[in-house]
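# Close look at the chain arrangement
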Protein chains: 2
Amino acid sequence: MSIHGKKSLPYIVRKVFEIQHKLYQQHVRMCSTGRLQEALKIEDEQDFPKINDLKAQAEETQYYYPVGKSFKHEPDVGEQFTYSQLRVRLAGPHQLQPKPDADDLQFGKLFTDHMFKAAYHKRLGGWQTPEICPMENLVIHPAAKVLHYAVELFEGMKAFRGVDGKIRLFRPELNMARMNASAQRSGLPSFEPEEFIKCISRLVSIDQEWVPHTESASLYIRPTLIGIEPTLGVASSDSALLYAILSPVGGYFAGKQTGGVSLLADPRFTRSWPGGVGDKKMGSNYAGTIHVQKEATKQGFQQVLWLYGDDHQVTEVGTMNVFVFMINEHGERELITPPLNGLILPGIVRHSILGLARQENQFKVTERKITMHELKKAIYENRVLEMFGAGTACVVSPIERIFYMGENLLIPTMENSDSVWIQMRNTLLDIQYGRVKHPWAIEID
Amino acid sequence: MSIHGKKSLPYIVRKVFEIQHKLYQQHVRMCSTGRLQEALKIEDEQDFPKINDLKAQAEETQYYYPVGKSFKHEPDVGEQFTYSQLRVRLAGPHQLQPKPDADDLQFGKLFTDHMFKAAYHKRLGGWQTPEICPMENLVIHPAAKVLHYAVELFEGMKAFRGVDGKIRLFRPELNMARMNASAQRSGLPSFEPEEFIKCISRLVSIDQEWVPHTESASLYIRPTLIGIEPTLGVASSDSALLYAILSPVGGYFAGKQTGGVSLLADPRFTRSWPGGVGDKKMGSNYAGTIHVQKEATKQGFQQVLWLYGDDHQVTEVGTMNVFVFMINEHGERELITPPLNGLILPGIVRHSILGLARQENQFKVTERKITMHELKKAIYENRVLEMFGAGTACVVSPIERIFYMGENLLIPTMENSDSVWIQMRNTLLDIQYGRVKHPWAIEID
């Protein structure tokens, strides 16, 4: 509620309607006054960060945003959409789907009852009225640029139901900064980050019963921007569709804590390269990886470790950033992750882990190039203590084996007590599930 | 008609229906017996290659197909679709659009009345019944893999109305070979090349009045394959949609013959890289180029010359392959084009020009690496005679200027009489527009 300002009459009416809607979802036909009061009181009861506090985090975004300057719209982007324009068309009770058991959740197979949509048409002056509507198929012209030239990009975020029952997003301003950077590189229109966060929050709020009531699952949020101008020819798209869909997802670690991830590192395949778009979350970065991931799965590996260059630099793992915790050649404990040199995605969990590790200051923390040669040597000399991946979907995921040039390299990630990866994972989960108060977890309505 | 075998009764009935349809398009409501007879006689009157002769060209395809082996379906692709299954649902007279003036045509902005569609669902056993239907929007789930991970690929082909009024395709079997190669690299299902060519031919035949009655224009054919499985997660798509749309396009050279193309060669941007998918016609190869093309246009250049590596190898131009005709360091005349090393698209016009030039044997013809250093030196020494691009959209396009590292390199392409590029262009147009009989031009119904 903190998002929407004072408790005006229209606000209260809307609130009643929303709560009614939620009760409909639970097949309860009567609005409970207790629930309404409870909902209206939240604002006074808590002091977690609110969406409106996001401005205070601008500096942090700027630090994160790799181009080293704060975000600016392209001069000709036109009218922006705002949260205040948002139209909501709720699904009727007959359209609501049953919610799955949290234990049965798989990644990205099931979607909630509603979605967000905003169209952009340059010739109509810019962004059009944003809308929340029942989840529905998109109607796309067969010549739309997204279907031919991969004019498309996305983000991955999660909404978590905290131990206090409240729902929180994790650093959404960083997703929005990255999404706008991807949009500009794709020739697609940028948007006002805060307005979109407010719209997403409202969407999550409407479908809030889909946020799993457990700490082993969450609601995955997929904001997507596609170019829909219906003309052939490799050029910017003057029409676009921004949308967001929601999918309840299980924890990556449920039942998996006994084993780490195995990786195939095959230098014949490259994910990204200097002068390309490897640091943007554009669909085009993924198309070429599917065949290689299929090969890895066939050979019994869970993920691909992407290498780059003649010296076989470690870049990233599947859809995660990668960390190595080792004793370096000077005998120091060092946490290493590849630098933001354009080849890797500037991950938000990566950025958060670096922040936490630097704050705790218990070992050296370095963003630098690490080659397979250096890694292999360190593994042979028993200096590598842990390797792990970091990403929104997996949070933190231990790595225990790399197959490289015909050889199995074993990493003792699971053997260390007092592991860095477990520490990091637990700190992040504590923040995300509201076990500790932290400015990174933004409470929504 | 040669495609469809003997003139059975159903064949003649269909023929009548099609011709009626064409006449409807011309707002003539009566079927002319003369036209019908004319249509039915074509088979006996000509001896151009027919679609059914394609098998004879298998060896050529094999030579072209860069992986060096003939095409094989993935073992688990399932049921194939065939031309005999094709269902046709024609647009009603009220749905037919007016045809544009051939002089007003722009690339890819206008589409014909019909399209082709075939769905693939692994869990239903493979390819489903193919269909020709009125041109219509696609209905796509917002989580479809094509919209997130660029699981998409396409081809570019043209249908030409010859000087004899007959319609021909240019080497369609090569497009199909490349399309199947792209499909396999994208984790999408392959198809029977000949069956799809027959379906495309039927589509062009139905919309034949859209094939411009001029030698300065043609009907562009865009076969497209997209992954439509509605699940998030970077993985192969178990559902796909193969479709083809048609767009009448103007000649690239109309009114442009007085000047060549200017190129921006900026080594900071890379189109493709070893271990990637630069040799496949996947949408993901284009997304990253749009921003750079926009920059080039802003700076006054028509296209981008893509370089690769620290030695700034010339790879390709915009959406064309590139050729340099020069006096080499041994004083020989040499036609050079970059090799099929995975960085460039194996263009069908490129392949045809190499074939023609080798057959004529008037100068050395080489597929080899050429760097900007070598090119610049040769330009300085006045040894570069011509540079040109080759592609389906542009046929052959002369290049007259490259802006590289702050310097304008001028190429005397337009100054030579008896140019190789004009010779090549004319030979190709003669074949495409049926001025000469040649096995590369396949006549359709």
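What you see is a predicted model; the values in this text were computed from it and never measured.

## Looking at the state of the cysteines
- Taken as a whole, this structure holds zero disulfides over all chains when the rule is applied.
- Free of any disulfide, A:Cys133 has its nearest neighbouring cysteine sulfur in A:Cys199, separated by 12 Å.

## Concerning the relation of the copies chain A and chain B
- When chain A is brought onto chain B, the operation consists of a screw motion whose angular component is 180° and whose axial shift is 0.0 Å, with 0.0 Å RMSD remaining. Taken together, the rotation and translation relating the two chain copies correspond to the operation of a two-fold axis. Using C-alpha coordinates, one finds that chain A approaches the rotation axis most closely at A:Ser284, a distance of 2.0 Å.
- Of the residues that chain A buries at the interface, 100% are likewise interface residues in chain B, meaning the two copies contact each other through the same surface.

## Quick word on the interface of chain A and chain B
- Listed as interface residues are 61 residues of chain A and, on the opposing side, 61 residues of chain B.
- In this structure, the connection of chain A to chain B is made through zero salt bridges.
- Inspection of the region where chain A meets chain B yields 29 residue pairs in polar contact (both at pLDDT 80 or more).
- Sorting the residues of the side of chain A that touches chain B by element identifies strand E5 (138–140), helix H4 (145–149), strand E6 (152–154), helix H5 (172–185), strand E9 (217–227), strand E10 (239–250), helix H7 (284–287) and helix H8 (289–298) of chain A as the ones contributing at least two each.
- Take the side of chain A that touches chain B: its biggest share by element is five residues, from H8(A).
- Looking at the side of chain A that touches chain B, its residues break down into 32 nonpolar, 21 polar and eight charged.
- With three bridges joining them, E5(A) and strand E5 (residues 138–140) of chain B adopt antiparallel strand pairing. Considered in E5(B), the bridge of A:Ile140 is made with B:Leu138.

## A word on the pattern of salt bridges
Residues and elements named next belong to chain A.
- The final tally for this structure, using the stated rule, is 48 salt bridges over all chains.
- Put simply, Arg435 and Glu215 hold a salt bridge, and the shortest N to O gap is 2.0 Å. You can see Arg435 sitting in the loop between helix H11 (420–432) and strand E20 (441–443) and its partner Glu215 sitting in the loop between helix H6 (193–206) and E9, a full 220 residues away along the chain.
- Between Glu334 and Arg368 there is a salt bridge, with its nearest N and O atoms 3.4 Å apart. Of this pair, Glu334 sits in strand E15 (residues 333–337) while Arg368 sits in the loop between strand E16 (364–367) and helix H10 (372–380), and the two are 34 residues apart along the sequence.
- Residue Arg368 is classed as partly exposed on the basis of its relative accessible area of 23%.
- Beyond isolated ion pairs, a larger network of salt bridges with shared partners links Arg89, Lys117, Glu131 and Glu136.

## What about H10(A)?
All names here are of chain A.
- Listing the buried residues of H10 in full gives Met372, Leu375, Ala378 and Ile379. Seen from one end, H10 has its buried residues packed into an arc of 130°, which puts them on one side. Turned more than 90 degrees from where H10 packs its buried face, His373 and Tyr380 sit exposed.
- Among the residues trailing H10, Asn382 stands out with phi positive, at a value near 55°.

## What to know about the UniProt feature "modified residue: N6-(pyridoxal phosphate)lysine" (unreviewed entry) in chain A
Residues and elements named next belong to chain A.
- The sites that UniProt annotates as "modified residue: N6-(pyridoxal phosphate)lysine" (unreviewed entry) are Lys281.
- Within the secondary structure layout, Lys281 lies in the loop between strand E11 (261–265) and H7.
- Every residue in contact with Lys281, bar those within four places of it in the chain, is listed here: Leu153, Phe154, Glu155, Gly156, Arg178, Ser182, Tyr286 and Leu345.

Criteria and cut-off values
- Residues numbered from 1 in each chain as written.
- Chains lettered and ligands numbered in written order.
- Predicted model: local features only at pLDDT ≥ 70, side-chain atom pairs only at ≥ 80, totals over all residues.
- Heavy atoms only, no water.
- Disulfide = S-S within 2.5 Å.
- Least-squares fit on C-alpha atoms with pLDDT ≥ 70 in both.
- Contact = heavy atoms within 4.5 Å.
- Salt bridge = Lys/Arg side-chain N within 4 Å of Asp/Glu carboxyl O.
- Polar contact = N/O pair within 3.5 Å; in protein donor to acceptor, adjacent residues only side chain to side chain.
- Helix = DSSP H or I, 4+ residues; strand = E, 2+ residues; numbered from the N terminus.
- Nonpolar A, V, L, I, M, F, W, Y, C, P; charged D, E, K, R; others polar.
- Pairing = 2+ DSSP bridges.
- Buried < 20%, exposed > 50% of the residue type's maximum accessible area, 1.4 Å probe, protein only.
- Arc of directions from axis to C-beta.
- UniProt positions renumbered as here; feature names shortened; annotations may be inferred.

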